[in-house]
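Chain by chain, the residues run as shown.
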Amino acid sequence: MSGLKVITGPSIEPITLSEARNHLRLDLDVDDTLVNTYIQASRNWAENYTGRAFINRTMQMFLDGFRIGDSPLWEGMKTGPYVVNYSNIIELGLTPVSSLSSINYYTDDDTQHVWAASNYYVDLISEPAKIVIRDGGTYPTSLRPANGLEINFVAGYGDNTTDVPQAIRLAMLQFMAYLYEHRGDYDGNIEAPSILRGLLEPFKVYRFNNNPYNTIVRSGIA
């Protein structure tokens, strides 16, 4: 199993209060607190829908161990020792990734150790980003039963609002306006307008597995 933990959250929102007020055509600041709440809610919804981080934040990803690689199909009987081959790839659970600071592992007595960077290559170009074991690289052993591997990285498009793709920012503005215009209304349907899904669909990360950190396929453009 795997888990994600936010160490340092985003310092700003992808859209500013001024942009939100202009989009809503608000001249007064009496609703600023409410608008700020809707900005945060729209960002949370868009990030959950796409599976992406928009503004940089520091993350920790924990793994119980290493994924066993696919075994080739055999015909007939197979003799010899049973050998477990681990996958040489670890996919990071949030995208995009701008940097990876360290990978630590914990032995069964809960002692923290640094996994030497000479054992792996960090691929930040692929989506999702991944850690690839180098030729001759070795996995840590004697991991504790749960959360034995700790990966520390920064996820997000950047530290500025303009680093976030414009289509994502537009979708956030539209969803924020939808929440503002329908505040207090409830008709049993809380689905976002379909136009928002159309704006975000090219950025959505699809996960074809019961493990969200394994076999991730993304649809659309970067």
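Values in this document were obtained by computation on a predicted structure and should not be read as measured data.

Trainee: Please clarify how the sheet that holds strand β7 (residues 130-133) should be interpreted in this entry.
Mentor: Strand order in the open sheet formed by three strands is β3-β7-β6, with antiparallel pairing between adjacent strands. With partners counted over all chains shown, the strands left at the sheet margins are β3 (89-91) and β6 (120-123), one partner each. Strand after strand, the sheet turns through a mean of 20° between neighbouring axes, direction not considered. Sheet analysis places β3 next to β7, joined by three bridges and oriented antiparallel. Paired with Ile89 across the two strands is Val132, which belongs to β7.

Trainee: What is the right way to look at the side chain of Asn152 in this model?
Mentor: In this fold, Asn152 is placed in strand β8 (residues 149-155). Accessibility expressed as a relative area gives 10% for Asn152, which makes it buried. Setting aside residues up to four positions removed in sequence, Asn152 forms contacts with Met59, Gln60, Leu100, Ser101, Ser102 and Asn104.

Trainee: Is there a simple way to explain unusual backbone geometry in this structure?
Mentor: Excluding glycine, a negative phi dihedral is what most residues carry, and trans is how most peptide bonds are arranged. The amide bond that connects Thr95 to the next residue, Pro96, takes the cis arrangement and shows omega of -5°. With respect to the helices, strands and loops of the structure, Pro96 is situated in the loop between β3 and β4 (97-106). Each neighbour pair has its own omega, and for Glu127 with Pro128 the value is -5°, a cis peptide bond. Along the chain, Pro128 falls in the loop between β6 and β7. Positioned with a positive phi, Asp110 is a non-glycine residue whose angle comes to about 70°.

Trainee: How do you make sense of the pairing of β4 when you look at a structure like this?
Mentor: Regular strands show a simple pattern: their side chains alternate between the two faces of the sheet. Relative to β8, β4 runs antiparallel, the two being bridged by seven bridges. The partner of Asn104 across the bridge, within β8, is Glu150. Across three bridges, β4 lies against strand β5 (residues 112-114) in antiparallel orientation. Counted as the bridge partner of Tyr106 is Gln112 from β5. Hairpin connection from β4 to β5: five residues lie between these consecutive antiparallel strands, with Asp110 at a positive phi of about 70°.

Trainee: How should I be thinking about the pattern of salt bridges in this particular structure?
Mentor: Two side chains with opposite charge may pair up if their charged atoms get near one another. Across all of its chains, the model carries eight salt bridges by this definition. It is possible to trace a salt-bridge network through shared partners that takes in Glu13, Arg43, Glu47 and Arg57.

Trainee: Sorry if this is basic, but what is going on with the packing of helix α1 (residues 17-24) against helix α3 (residues 166-181) here?
Mentor: Two quantities define a packed helix pair, namely the angle between the helix axes and the distance between the axes. Between α1 and α3, the least distance of the axes is 10 Å, while the angle of their chain directions is 60°. The angle between α1 and α3 places the two elements in the oblique class. By crossing handedness, the relation of α1 to α3 is classed as right-handed. Mapping the contact onto sequence places Glu19, Ala20, His23 and Leu24 in α1 and Arg169, Leu173, Gln174, Met176, Ala177 and Tyr180 in α3.

Trainee: Quick question: what am I supposed to make of the environment of Asn104 here?
Mentor: The residue Asn104 is located in strand β4 in this model. Under the relative-accessibility criterion, Asn104 is labelled buried at 8%. Separated by 44 residues in the primary sequence, Asn104 and Gly148 have C-alpha atoms spaced 8.4 Å apart. In this structure, Asn104 is in contact with Gln112, His113, Val114, Trp115, Gly148, Leu149, Glu150 and Asn152, ignoring residues within four places of it in sequence.

Reading the values: the criteria
- Sequence order sets the numbering: in each chain, residues are counted from 1 along the sequence as written.
- Local features in this predicted model are restricted to residues whose pLDDT is 70 or higher, and side-chain atom pairs enter the listing and the counts only when it is 80 or higher, whereas totals over whole chains, interfaces and linings include all residues.
- Only hydrogens and water are set aside; all other atoms, that is, all heavy atoms of the structure, feed into the side-chain values.
- If DSSP finds at least two bridges between two strands, the strands pair.
- Under the DSSP-based scheme used, a helix requires at least four consecutive residues in state H or I and a strand at least two consecutive residues in state E, with every element numbered from the N terminus.
- Lines fitted to C-alpha atoms define the axes here, with helix axes fitted over just the stretch in contact, and angles between the N-to-C directions of these axes take values from 0 to 180 degrees.
- Burial status follows relative accessibility: with a 1.4 Å probe on protein chains alone, a residue under 20% of its type maximum counts as buried, one over 50% as exposed, and anything between as partly exposed.
- Contact criterion: two residues are considered in contact whenever any of their non-hydrogen atoms come within 4.5 Å of each other.
- Only one rule defines a salt bridge in this text: a Lys or Arg side-chain nitrogen within 4 Å of an Asp or Glu carboxyl oxygen.
- Relative orientations are named as follows: roughly parallel for angles under 35 degrees, roughly antiparallel for angles over 145 degrees, roughly perpendicular for angles from 65 to 115 degrees, and oblique for any other angle.
- Take the far helix as the reference: if the near one is turned anticlockwise from it by less than a right angle, the crossing is left-handed, and if turned clockwise, right-handed.

Note that every value here comes from positions in space, so none of it alone points to a role or purpose.
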